[in-house]
Every structure is written in C-alpha cells, then in structure tokens.
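Here are the chains, one letter per residue:
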Number of protein chains: 2
Amino acid sequence: MNKRVTLADVAAHAGVSRATASLVIRDAGNLADSTRERVRSSMLALGYVYHRGAASLRASQTKTVGLILPDPAYAFMGEMAISLESALAERGLLLLTANAFEDPQRQERLLRALIENQVDGLVVLPALGTDEAFADRLAATGIPTVVTIRAEAAHRTTYVGIDNVRGGELAGEHLLAHGCRQFVYLGGLVGLRPRQDRMTGLNAALARVPGARLVAHRPGPALGRWARDAAARLLAEGPVPDAIVCHNDPVAFGVYRALRDVAPHLVDRVRVVAFDDVDEAALWEPPISSVAANGREVGRRTATALLRLMDDPLAEPEVVLLQPELVVRRSCGCPAA
Amino acid sequence: MNKRVTLADVAAHAGVSRATASLVIRDAGNLADSTRERVRSSMLALGYVYHRGAASLRASQTKTVGLILPDPAYAFMGEMAISLESALAERGLLLLTANAFEDPQRQERLLRALIENQVDGLVVLPALGTDEAFADRLAATGIPTVVTIRAEAAHRTTYVGIDNVRGGELAGEHLLAHGCRQFVYLGGLVGLRPRQDRMTGLNAALARVPGARLVAHRPGPALGRWARDAAARLLAEGPVPDAIVCHNDPVAFGVYRALRDVAPHLVDRVRVVAFDDVDEAALWEPPISSVAANGREVGRRTATALLRLMDDPLAEPEVVLLQPELVVRRSCGCPAA
DNA sequence: TTGTAGGCGTTATCAT
DNA sequence: ATGATAACGCCTACAA
C-alpha cells in the first residue's frame, strides 16, 4: 500500500521542475533531448503512471467519448461501434460504451453518468421509448453529440443514418418484380423510425403496382425467437402472403424456422427480404436477400461528424444519410448466383 | 460559453458552505431537511452538474470498472458483458467497455488507457496472443481484476470461466453414443485455452471407445464465413468424417452452408455439435445441438467475484468454473424433440 | 448541524 | 530551455 508516484516525485528524481516533467510526458514544448531522456528514465525507474483524471480536471477535457447503445444483441449496431471505436482511437480518444437495454430510464442514467464523467463527445443510438424531452436534454448538454441509426433524438443534433425509406422501396420493388402482390412486414419496434421509414418506402413501391398491398404488419423486437413465434401465428391465422419483408436478418431466420416447423411446403413459395445483411445472412438456407446498410460505414461517418463537432464547437449540425443496397441471394426467389 | 456552475456557486446561491452542499449531493452527513431542500433547489435552479472527475481526484476512486473485450462480434461475450454491466450498475458502477480486436498491442494500449483513467476494477477477456508479460502487468497494476472465459492471463488474478474440458467431453460422449467414430474439430484460435481444453475433453472421451479418433482439426477464427470455406476445403480434401465438433455456433452455420453448397447429400449424414448455444442455434436448419455455457451466468459470477475483490483488497484470488450443459437438438442426429 | 482550510495531480501562464 | 505559482472542482478533517 505504498503511496502513489506523482509527477512531483518524477521531477524530483530527475532534478527538474514539475512543469518540465509535464512537458516531457506530453511530448510538448521545447526541451533539451538530454532533459527528456533523464525524465523518461526517472519515470521508468519510479514506475510512474500518468493520472489522466488529474490532467482532465486541469485541462478540462478527458479525451473520452461516450457511446450509448440500446442493446448489444443487435449485430448491426456492434459493427457500427467497432468502426467508430477504431476511428476515435486513431485520434487518441477512448470510447466508453454503455448499454441502455431499450430502457429510457436506464438511458437517462447513463447519459447523466457519462456527462458527470465529462466525456468530450457523445454518440447516441436512442433506445425505444426515447422522447422529445431526452432529445432536448441531449441538445442542452452542450457536448458535441451525434445521433445515429435511429433518428429519434436528433432534434438539433447531428444525425448519421441510413435512408430507410429508400431501403423499404428497394425491398418492395425487387419483390414486386418477382410477381409478389400480398406483402407482410415483420418485426421492428413500434414508434421507432427505422420501421416506420422502411414501411413508408415499401408502401410507396406497392402503391405503384395495381393489386399490390401490405396485408399485415406485425411489430416486435427484431429478434429471431420472437419472429419464429410471430411468423407461426401469422401462418396459422390467415392467408399465406407472397412475400415477407423482415425488419432485420434474425427476423428472417425466425421466419424460416417457423415455415419449416409449421408449413414446410411453403419454404420455397414465400419470398423473403430482410435488412442489415449480417454475416449469417449469407450462410442461411436459403441464403437471405438483404438490404445492406454497412454498419462500419455508418460508424466511420459518425466518427467524422463527431470529430468535426469537437474540433469546431460552432459547427452546424448536419444530417448524413447513407444509401442502402439490396444484396440479392436466394430467399427472394432468385436462382442461386 | 458561460462558466461552469460549481459547487461553490450552488453553495452561495443556497447560502451555505461548500462542505454542506457537498454533503447534500452525496446524501451523507447529518443535515437538516430544510437545508437539503434548499440546496437541492439551488442545484436545479443553476443547472448544476456533478463533476465526477474532480470528486474522483479527491476521493481517489472513480466508480468505474473497465472491461476489455477481444471482439464484439462474439455474441457469447456480449451476453457476458450484458449481465456484468447490469450487476455493476446496481452498485452504481459504470462499466467502460473497450475492444481489443484480438490485437495484443491494442489490448496493451487499452489497459494503459483504462489504468490512466483510474478505473476501480478491471475485467479482462484476453485477446489472442496474450502473453505472460501481459498477465504479469495485469497483476502488477494493483487494481482488482478478474479474467474471464479465456484463462490466458489468469496468473495470479481471479478467473471466472467455463469448464471447457468437460464441455468437450460432453460433445464427444453424445456423438459417440450416436455411433460416430471419425471426428473433426473445427475452428477456435490456436494457442487459446478454450479450444485446447475442449479438444482435451473430446480426446478423453474418444480414448475410451476403441476405433474412435480425431481425424483432423482445423483452427481458425470462430466465424461463419471462415468456417464455410474451411469446411468446404475439408470436404474436398479427404474422407468425410462422421462428426464435426464446432468451436462455436457460427462455425456450425458455416459448416452447413458448405455442406449444402458442396455435398448436399451429406447434410443429414454428418453429425454436428457446437458450443455456446447462441440464439440462432435453435433456429438453424437443422437446429444445432450445442454445449451451452450461459454467458449471463458468467457475467453475474464475474461481477460477484470482482465486487468481492473491490470490497476487500486483501481477498485471495479465486477460480470459478461453471459447468456447461449439452442442449440436444437435431444436428447431432437426434430426432426432432 | 454547519463552516474553514488544505490538498488530490496535473497543466497554463508568466518569468527567467 | 526551464522553473515558480496558481488554478481546475471537489472532498475530508477538524473546528465551531
């Protein structure tokens, strides 16, 4: 339980002042190489560890960025987080990730915790049930903030996301070309923009073709198990649709499980298009056609936008919309590539 | 760009001293309710935000715990992280997650960053290529630390993990009972304990049955795409094994993709058992039999072990080994449940 | 029950 | 090229 080694100790050991030692640590100022060396070896000899907390207090910046995620189970968001973290690391920024588990209250607490920890920047992927008040509080923090993927809280803050309307349109157009007319939209949480937008796009495409329509839509957590049960119910209840548009890939996985368990003869008749294009989508049987969004790209762009905000506090908020692409495989009815 | 609201401002506004205001924030001391109220409303009125950094500097504890993960793409580790985070949150601890991407150098940098940020505790899931030196450095930090899942760096630190030897045995025994004799072990990174241990257990089971043997093992990143290619190569090269033991569920997904693409007639002949039992395993066709490890349980136990260490700095390191269970589905050759 | 004073470890400013 | 000194915002004795 020996006392902490501080900069003062190092300075004393090296026979210089604290100020000089500080400059050595930060590779700053104009110092003689010999001094640099001397201080460096003193640091090593004493086992000195930089106290970023103290530095932060003084310099009033922590070199950390907070990330609030709604649920780590969504692989797509994980991809986003990965590239965001890498991009920030290149600038010496540490990304502090925290999960709200789709709980607005928990999200609130995390936001406060992050603010109290003086993060220099903030990336928020709003949880389900995020309200206007949260968006306002976000804007009021004065911390450079960018909202991603879910546009919910992006009032006056920068937003980086995907053009989901276009995505829904893409899915619809392709399935229409296959001759599908009766559509179902499965999964996605009510009141969250991505679902809303994708359905808007889908409906727009359907409206252009006489006889085409959305016969049902079932909202829900975009998870495989939920989707399996939801799809089983759907198949039991009513007429079989020509096409099921799945809110994400795991939903498609669940749909096929249900199809095989409940109505194996329909596996090749019902056409499926999903969103996100997670790794597993290509491995599934049949390989899932999916509207790909490229989480890594979203992460990169988010980083860029955030750094811009952090570098220039006066920078205007912006909206970055990335265009999705349909990756055609077999679940939509196309022959094997 | 107005100046920061500090505790002193609040105190002045409420007509009390800084010390009193401080006590109010922390719900500590013996204060008159009226004083409490007055200070509280002053905080609200001024829009005061607690500066945890300053508090940490003074109290020399940050109420944060660092988590180093090797790769966020492994769903199993995500599960672990979830329950760990929840458990810590109950104690008012913020979990700071950082990803090393299986890169020991990056892991090294993250460790340093976390230490510099004065985390009160540390949970490490060692990256590929973690060496003894890292383990030593970990122990030398003096920070309460627990290593999970991969036993690599658990020299003198607490370790919470899964009994992988038993897991391998479980997989082997079940497949042997199905009459399998020619085994292949697919995936898992060389030099990482989980793979090594599972193979040890598998071999132990095989040794008990005459004629049973491991005809091949292919190490690799435990990802679906890699597994698809590896399995395709395996099928092209040599005699078809009776059973493929997959390092995790995604590997099994890849195996089935390869089977269907390269040798569809073998889909029902080759028996497969995987590890982890991720959500998708139950949805796959065929549903994957998997040695389940319960990441959430690992997370909970990790939290318990860490809190013990943090509460009592003199606590001895311990080793917690959780027992896995085989979840039987169809990929092993069992009939549908 | 409340106030006073000093310090946590670093960095910025101004001298020298 | 280097040093002295004063913050940064809070907490903890101890005193009143």
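If you're wondering where the values come from, they're calculated on a predicted model, not measured in any experiment. The residue numbering used here restarts from 1 in each chain and proceeds along that chain's sequence as written. All chains are assigned letters beginning with A, and all ligands numbers beginning with 1, in the order in which they are written. Totals for whole chains, interfaces and linings use every residue, but because this is a predicted model, local features are given only for residues with pLDDT of at least 70 and side-chain atom pairs only at 80 or more, for both listing and counting. Side-chain metrics in this entry use all non-hydrogen atoms of the structure; hydrogen atoms and water are not considered.

Once that is clear, we can look at the packing of helix H1 (residues 7-14) of chain A against helix H3 (residues 33-46) of chain A. The packing of two helices is summarised by the inter-axis angle and the distance between the axes. Residues and elements named next belong to chain A. As a rule, the C-alpha atoms of each element are fitted with a line to give its axis, helices using only the stretch in contact, and angles between N-to-C directions run from 0 to 180 degrees. Put simply, DSSP marks the helices as runs of H or I at least four residues long and the strands as runs of E at least two long, and each gets a number from the N terminus on. For the pair H1 and H3, interaxial distance at closest approach is 9 Å and the crossing angle is 120°. Relative to H3, the element H1 lies oblique. Handedness of the H1/H3 crossing: right-handed. Contacts from Asp9, Val10, His13 and Ala14 of H1 reach H3 at Arg38, Val39, Ser42, Met43, Ala45 and Leu46. The classification used treats Ala, Val, Leu, Ile, Met, Phe, Trp, Tyr, Cys and Pro as nonpolar, Asp, Glu, Lys and Arg as charged, and all other residues, Gly among them, as polar. In terms of residue class, the contact of H1 with H3 is made up of six nonpolar, two polar and two charged. We call two directions roughly parallel when the angle between them is under 35 degrees, roughly antiparallel when it is over 145, roughly perpendicular when it lies between 65 and 115, and oblique otherwise. The handedness criterion is simple: a crossing whose near helix is rotated anticlockwise from the far helix by less than a right angle is left-handed, and one whose near helix is rotated clockwise is right-handed. Whether two residues touch is decided by their heavy atoms; if any such pair falls within 4.5 Å, the residues are in contact.

Any residue with a heavy atom lying within 4 Å of a molecule or strand is counted as near it. Looking at DNA strand C, there are 24 residues lining it, with A:Leu7, A:Ser22, A:Tyr48, A:Tyr50 and B:Arg58 nearest. Sugar and phosphate atoms constitute 67% of the interface atoms of DNA strand C, taking the interface as everything within 4 Å of the protein. Throughout this description, a polar contact denotes any pair of N or O atoms lying within 3.5 Å of each other; where both atoms belong to protein, one of them has to be capable of donating a hydrogen while the other can accept it, and for residues adjacent in sequence the pair is counted only when both atoms sit in side chains. Within the side chain of A:Tyr48, an N or O atom sits 2.2 Å from a phosphate oxygen of DNA strand C. Between DNA strand C and B:Arg58 there is a distance of 2.2 Å, counted from a base nitrogen to a side-chain nitrogen or oxygen. Among the elements of the structure, helix H2 (18-25) and helix H4 (52-59) of chain A together with helix H2 (18-25) and helix H4 (52-59) of chain B are those that each provide at least two residues to the surface near DNA strand C. Looking at the surface near DNA strand C, its residues break down into eleven nonpolar, seven polar and six charged.

For an interface, size is often stated in terms of accessible area lost upon the parts coming together. Under the domain assignment used here, chain A contains domain 1 (7-50), domain 2 (61-162 + 295-324) and domain 3 (164-292). Note that the domain bounds reflect an automated or database-derived domain assignment. Between the C-alpha centres of domain 1 of chain A and domain 2 of chain A there is a distance of 37 Å.

Residues and elements named next belong to chain A. Here, any two strands with at least 2 DSSP bridges between them count as paired. The six strands lie next to each other as E7-E6-E8-E9-E10-E12, forming an open sheet whose pairing is mixed. Either end of the sheet is taken by a strand with one partner, and the two such strands are strand E7 (213-218) and strand E12 (325-327). Each strand of the sheet is rotated relative to its neighbour by a mean of 20°, with strand direction disregarded. Two strands pair when backbone bridges link them, and strand E9 (residues 271-276) and strand E10 (residues 289-292) are joined in this way by four bridges, in the parallel orientation. Following the sheet pairing, Val273 is matched in E10 by Ser289. Where helix H8 (residues 164-177) meets the sheet, it contacts strand E6 (182-186), strand E8 (243-246), E9, E10 and E12, and its direction lies at approximately 160° from that of E9.

This part takes up the packing of aromatic side chains. A ring pair, where both rings are aromatic, is described by two values, the distance of the centres and the angle of the planes. When two rings of Phe, Tyr or Trp (its six-membered ring) have centres within 6.5 Å they constitute a pair, described as stacked for plane angles under 30 degrees, edge-to-face for angles over 60, and tilted for the intermediate range. Counted according to the given criterion, the structure contains three aromatic pairs over all chains. Judged by centre distance (4.0 Å) and plane angle (15°), the ring pair of A:Phe253 and A:Trp284 falls under stacked. A residue pair is termed long-range when its members are at least 10 positions apart, and A:Phe253 in helix H11 (residues 249-262) and A:Trp284 in the loop between E9 and E10 qualify at 31 residues. Judged on exposure class, the residue A:Phe253 and its partner A:Trp284 are both buried. On the numbers, 4.1 Å between centres and 75° between planes, the contact of A:Trp284 with B:Trp284 is edge-to-face. Here B:Trp284 lies in the loop between strand E9 (271-276) and strand E10 (289-292) and A:Trp284 lies in the loop between E9 and E10, a pairing that spans two chains. Pair check on accessibility: A:Trp284 and B:Trp284 agree, each one buried. Only protein chains enter the calculation, and the probe is 1.4 Å; a residue is then buried if its accessible area is under 20% of its type maximum, exposed if over 50%, and partly exposed in between.

This next bit is on the protein's contact with DNA strand D. Near DNA strand D lie 26 residues; those nearest to it are A:Thr35, B:Leu7, B:Tyr48, B:Tyr50 and B:Arg58. For DNA strand D, the backbone portion of the atoms within 4 Å of the protein, that is sugar and phosphate, comes to 66%. The backbone of A:Ala32 places a nitrogen or oxygen atom 2.9 Å from a phosphate oxygen of DNA strand D. When residues of the surface near DNA strand D are traced back to their parent elements, those giving at least two are H2 and H4 of chain A together with H2 and H4 of chain B. For the surface near DNA strand D, the element with the most residues is H4(B), which contributes four residues.

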